[in-house]
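Each chain, letter by letter, is given below.
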Amino acid sequence: QVQLKESGGGLVQAGDSLRLSCAASGRTFTNYAMGWFRQAPGKEREFVATIGWRASTTYYANSVKGRFTISRDNAKNTVFLEMNNLKPEDTAVYYCATKFGVLNINNYSQYPYWGQGTQVTVSS
């Protein structure tokens with residue numbers, strides 16, 4: 001029904017910036033929340049940032065607040081994650097996901113649609 005494709009990952013040094021993009025295709029509708037999650041080897045997938053379908057509501061993990069910014073362009077069915085002052089602990093595969101509504105949007109288990117992920121590696 002919905003396909004998501006992340007892009008923009010890469011290998012950077014600590015302090016650098018990256019901008020991730022996630023384009024959605026297929027049957028997309030209003031009232032979709034979108035989120036970014038990440039997973040490092042051997043660790044649980046964790047919430048990074050989420051945004052409501054009107055872009056008026058955003059949430060950030062404490063570990064990225066002040067460094068990362070989530071935004072969306074509904075006309076292009078795209079969500080972005082601007083990452084600044086990257087740290088080695090940000091190294092992970094970053095996934096975008098989408099779901100209906102605004103309930104539990106920071107919980108990865110509530111998202112039925114996922115992209116394939118894009119690797120972000122931050123060296124010290």
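Can you tell me about the overall build of the protein, naming the residues and giving the values?
Each helix and strand counted, the protein has zero helices and 11 strands in total. Helices (α) and strands (β) of the protein occur, in sequence order from the N terminus, as β-β-β-β-β-β-β-β-β-β-β. Whereas a compact globule of 124 residues would reach a radius of gyration of roughly 14 Å, the protein reaches 13 Å, a difference of no more than 12%. In the protein, the share of contacts with a sequence separation of at least 24, taken over all contacts with a separation of at least 6, comes to 57%. Accessible area of the protein: about 6500 Å², with a carbon and sulfur share of 47%. Distance from the positive charge centre (13 side chains) to the negative charge centre (8 side chains) of the protein: 8 Å.

Explain the sheet that holds strand β3 (residues 18–26) residue by residue, including any values.
Ordered by their spatial adjacency, four strands build an open sheet running β1-β3-β8-β7, and the pairing between neighbours is antiparallel. Only two strands of the sheet have a single partner each, and these edge strands are β1 (2–7) and β7 (68–73). For this sheet, the mean inter-axis angle between neighbouring strands, taken without regard to orientation, is 15 degrees. Note that β3 and strand β8 (residues 78–83) share six bridges and pair antiparallel. Bridge assignment links Ser21 to a residue of β8, and that residue is Phe80.

Account for the packing of aromatic side chains, naming residues and giving values.
For the coordinates displayed, the defined rule picks out six aromatic pairs. With a centroid separation of 6.5 Å and 65 degrees between ring planes, the pair formed by Phe37 and Phe47 is classed as edge-to-face. Within this pair, whereas Phe37 is found in strand β4 (residues 32–39), its partner Phe47 is found in strand β5 (residues 46–51), the two being separated by 10 residues in sequence. On the numbers, 5.2 Å between centres and 55 degrees between planes, the contact of Phe37 with Trp114 is tilted. Residue Phe37 is located in strand β4, and its partner Trp114 is located in strand β10 (residues 113–114); the two are separated by 77 residues in the primary sequence. For Phe37, a relative accessible area of 0% gives the class buried. One cation-aromatic arrangement involves Arg45 over Tyr95; the distance from NZ or CZ to the ring centre is 4.0 Å. A cation sits over an aromatic face here: Arg45 above Trp114, 4.7 Å from the ring centre.

Tell me about the state of the cysteines, and name the residues and values.
As enumerated under the stated definition, the model contains one disulfide in all. The partner cysteine of Cys22 in its disulfide is Cys96, sulfur to sulfur 1.8 Å. Since a negative S-S torsion denotes a left-handed disulfide, the Cys22-Cys96 link at about 45 degrees is right-handed. Here Cys22 is found in strand β3, whereas its partner Cys96 is found in strand β9 (residues 92–100), with 74 residues between them in sequence. What makes Cys22 buried here is its relative accessible area of 0%.

Lay out the side chain of Ser21 with the relevant residues and their values.
Considering the arrangement of structural elements, one finds Ser21 in strand β3. The exposure class of Ser21 is buried, given its relative accessible area of 18%. Ser21 has contacts with Lys5, Glu6, Ser7, Trp36, Val79 and Phe80, leaving out every residue within four places of it along the chain.

What counts and what doesn't
- Residues numbered from 1 in each chain as written.
- Predicted model: local features only at pLDDT ≥ 70, side-chain atom pairs only at ≥ 80, totals over all residues.
- Heavy atoms only, no water.
- Helix = DSSP H or I, 4+ residues; strand = E, 2+ residues; numbered from the N terminus.
- Rg over C-alpha atoms; globule rule 2.2 N^0.38 Å.
- Contact = heavy atoms within 4.5 Å.
- Areas by Shrake-Rupley, 256 points an atom, 1.4 Å probe, with all protein chains shown as cover.
- Lys, Arg positive; Asp, Glu negative; His and termini not counted.
- Charge placed at Lys NZ, Arg CZ, Asp CG, Glu CD.
- Pairing = 2+ DSSP bridges.
- Axes fitted to C-alpha atoms, helices over the stretch in contact; angles between N-to-C directions.
- Phe/Tyr/Trp six-rings, centres within 6.5 Å; stacked < 30°, edge-to-face > 60°.
- Buried < 20%, exposed > 50% of the residue type's maximum accessible area, 1.4 Å probe, protein only.
- Lys NZ or Arg CZ within 6 Å of the ring centre and 35° of its normal.
- Disulfide = S-S within 2.5 Å.

So, to be careful, I would describe these as geometric facts and stop short of saying anything about function.
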